[in-house]
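Spelled out, the chains give:
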Amino acid sequence: MKVAAQLSVNGISYPVELDPSTSLLNAVRDVVGLTGSKEGCDDSECGACMMLLDGSPVNACSYLALQAEGREVTTVEGLAAGAELSPLQAAFLEQGGVQCGFCTPGMLISATALLDTNPHPTEDEVRIGLSGNLCRCTGYDGIVKAVLSVAES
Ligand code: FES
Ligand code: FES
């Protein structure tokens, strides 16, 4: 049985019909049609699926979509202002923080949440803030440099 709901994603309200067991990740990717967030482990281990829920990062693979009703979901697509990349997105490109790119949407979401709560983190604080996000290309140094470059600017 499907349930009618409204999901607000990146400032747009989407009417959806969902099986109650649908994860937020699957609802956003398969029903809303925003595929920037990735499915890696599907088990809260890798952070590739991370989205902001009312500004706080959640692993969307392990969060029920219906629990997000009435809250604001932000995905990686919502970080840019139209065609203009956010400072973090631009810094990831400039500092070599992107290799295959699979972890990048989740990394950007975690880094955005980190800088929102701590605009001037130390390198250790950046590494701790991104500890829920795995990069299978092991490109952590470029990612950390990118976050620190935004924090310092
Ligand atoms: S896909 Fe959600 S944490 Fe890995
Ligand atoms: S850039 Fe490939 S997984 Fe991180």
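Structure report, in brief. Model, not experiment: these values are computed from the prediction.

We now examine the environment of S110. Among the secondary structure elements, S110 is positioned in helix α3 (residues 104–117). The exposure class assigned to S110 is buried, which follows from its relative accessible area of 5%. Residues S110 and V58, 52 residues apart in the sequence, show an inter-C-alpha distance of 9.0 Å. When sequence neighbours within four positions are dropped, the list of residues in contact with S110 reads M50, G129, L130 and N133.

This part takes up the environment of S62. When you line up the elements, S62 lands in the loop between β4 (56–59) and β5 (72–74). S62 sits 65 residues away from R127 along the chain, and the two C-alpha atoms are 23 Å apart. When sequence neighbours within four positions are dropped, the list of residues in contact with S62 reads D43 and S44. A distance of 2.7 Å separates polar atoms of two side chains, one belonging to S62 and the other to S44.

Now for the sheet that holds strand β1 (residues 3–9). Judged by pairing direction, the sheet is mixed, and its 5 strands sit side by side in the order β2-β1-β5-β3-β4 without closing on themselves. This sheet does not close on itself; its edge strands, each paired only once, are β2 (12–18) and β4. Geometrically, the sheet is characterised by an average inter-axis angle of 40 degrees between neighbouring strands, direction not taken into account. Sheet topology places β1 next to β5; 2 bridges connect them, and they run parallel. Paired with S8 across the two strands is E72, which belongs to β5.

It is worth spelling out the packing of aromatic side chains at this point. In total, this model carries 0 aromatic pairs according to the counting rule given. One cation-aromatic arrangement involves R136 over F102; the distance from NZ or CZ to the ring centre is 4.6 Å.

Topologically, S23 is positioned in the loop between β2 and α1 (24–32). Taking relative accessible area as the criterion, S23 reaches 8% and is therefore assigned buried. When neighbours within four sequence positions are excluded, S23 is seen to be in contact with A60, C61, Y63, L64 and A65.

Conventions used here
- Sequence positions are assigned chain by chain, starting from 1 and proceeding in written order.
- Whichever chain is written first becomes A and whichever ligand is written first becomes 1, with later ones labelled in order.
- It should be noted that, the model being predicted, local features are given only for residues of pLDDT at least 70 and side-chain atom pairs only at 80 or more, the latter also being counted only at that level, while totals for whole chains, interfaces and linings use all residues.
- Hydrogen atoms and water are omitted, and side-chain values are computed over all heavy atoms in the structure.
- In this description a helix means any DSSP run of H or I spanning at least four residues, a strand means any run of E spanning at least two, and both kinds are numbered starting from the N terminus.
- Only protein chains enter the accessibility calculation, which uses a 1.4 Å probe; a residue whose area is less than 20% of its type maximum is buried, one above 50% is exposed, and one in between is partly exposed.
- Throughout, a residue-residue contact means that at least one pair of heavy atoms, one from each residue, lies within 4.5 Å.
- Any N or O atom pair separated by 3.5 Å or less is treated as a polar contact, with the protein-specific requirement of one donor-capable and one acceptor-capable atom, and with residues adjacent in sequence counted only for side-chain atom pairs.
- We call two strands paired when DSSP finds no fewer than two bridges between them.
- Simply put, an axis is a line fit to the C-alpha atoms, just over the touching stretch for a helix, and the angle between two N-to-C directions goes from 0 to 180 degrees.
- Note on ring pairs: Phe, Tyr and Trp rings are taken, using the six-membered ring of Trp, and paired if centres are within 6.5 Å. Classes follow the plane angle, with under 30 degrees stacked, over 60 edge-to-face and the rest tilted.
- Here, over-ring charges are defined by two tests on the NZ atom of lysine or the CZ atom of arginine: distance to the ring centre within 6 Å, and angle to the ring normal within 35 degrees.

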